[in-house]
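Notes for the structure review
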Amino acid sequence: MLELDLQLESQQPAPSEAEFRQWCELALRQRTADSELTIRLVDEPEGRELNHTWRHKDYATNVLSFPADVPDELLDIPLLGDLVICVPVVEREAAEQGKALDAHWAHLVIHGCLHLLGYDHIDDDEAEEMEALERTLLAELGHPDPYADDEIDSSPTDTTKDSE
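These numbers come from a predicted model, not from an experiment.

In the sheet, strand β1 (residues 2-8) pairs with strand β2 (residues 35-42) via 7 bridges, with the strands oriented parallel. Bridge pairing in β2 links Leu 8 to Leu 41. Tracing the backbone out of β1, into helix α1 (residues 17-28) and back to the parallel element β2 gives a crossover that is left-handed.

Here it is in structure tokens:
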């Protein structure tokens, strides 16, 4: 079961809670335990501040993933972590990249959830594994390969897990 805390800090339109839940459940279905996570939708000032604080990059990025750092004695709690998504960045990227907005949203939520599960794209092998899973999950939703036109950098713009 998924417990989702959706925090709407942006005034811009965003997908419904049902859509976020669908995307999260799809990304997390390999996890047999219950899952708790927070998705916080923000505007550029908060996105920029968080990216600067945690990654030392002075701009807002599309999604930041903060895996829960749960002490060993509490490992049986279902807390996965938090995703912070900057709404204006997602909208701008979709337009610039010629992608359907709902497909881009789905991709970034799935991408962030996979980071919470421990997937990464730091080295080529890890990136290939993570991207293959993203492609499969997005195809199940009827969305095209988000990396099809990416010949130089095959990861979403500066997505990260915690302070990567």
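Let us now look at the side chain of His 104. Looking at where His 104 falls in the secondary structure, it is placed in helix α4 (residues 101-116). Apart from residues lying up to four places away in sequence, His 104 is in contact with Val 90, Glu 93, Ala 94, Gln 97 and Lys 99.

Our focus in this paragraph is α1. Since one α-helical turn is 3.6 residues long, residues separated by three or four positions face the same way. Between the first and last C-alpha of α1 there are 16 Å, a value that for 12 residues agrees with the 16 Å anticipated at 1.5 Å per step. Turning to α1, its buried residues number three or more, namely Phe 20, Trp 23, Cys 24, Leu 26, Ala 27 and Leu 28. Buried residues in α1 make contact with β1, β2, β4 (79-86), α4 and α5 (124-140).

Another point: the pairing of strand β3 (residues 63-67). Taking burial as the measure, the 5 residues of β3 include 4 buried ones, the bulk of the element. Direction of pairing for β3 relative to β4: antiparallel, over a ladder of 5 bridges. Looking at β4, one finds that Ser 65 is bridged to Leu 83.

On to the packing of aromatic side chains, then. Under the definition given, this model contains 3 aromatic pairs. Here the aromatic rings of Phe 20 and Trp 23 are separated by 5.6 Å at their centres, their planes lie at 80 degrees, and the arrangement is edge-to-face. With Phe 20 and Trp 23 both in helix α1 and 3 residues apart, the pair spans about one turn of that helix. This pair shows no difference in class: Phe 20 is buried, exactly as Trp 23 is. Ring centres of Phe 20 and Trp 105 lie 5.6 Å apart, and the angle between their planes is 90 degrees; on these two criteria the pair is classed as edge-to-face. Of this pair, Phe 20 sits in helix α1 while Trp 105 sits in helix α4, placing them 85 residues apart in sequence. This pair shows no difference in class: Phe 20 is buried, exactly as Trp 105 is.

Parameters at a glance
- Residues numbered from 1 in each chain as written.
- Predicted model: local features only at pLDDT ≥ 70, side-chain atom pairs only at ≥ 80, totals over all residues.
- Heavy atoms only, no water.
- Pairing = 2+ DSSP bridges.
- Helix = DSSP H or I, 4+ residues; strand = E, 2+ residues; numbered from the N terminus.
- Right-handed = clockwise from strand over helix to strand, strands pointing away.
- Contact = heavy atoms within 4.5 Å.
- Expected span 1.5 Å × (residues − 1).
- Buried < 20%, exposed > 50% of the residue type's maximum accessible area, 1.4 Å probe, protein only.
- Phe/Tyr/Trp six-rings, centres within 6.5 Å; stacked < 30°, edge-to-face > 60°.

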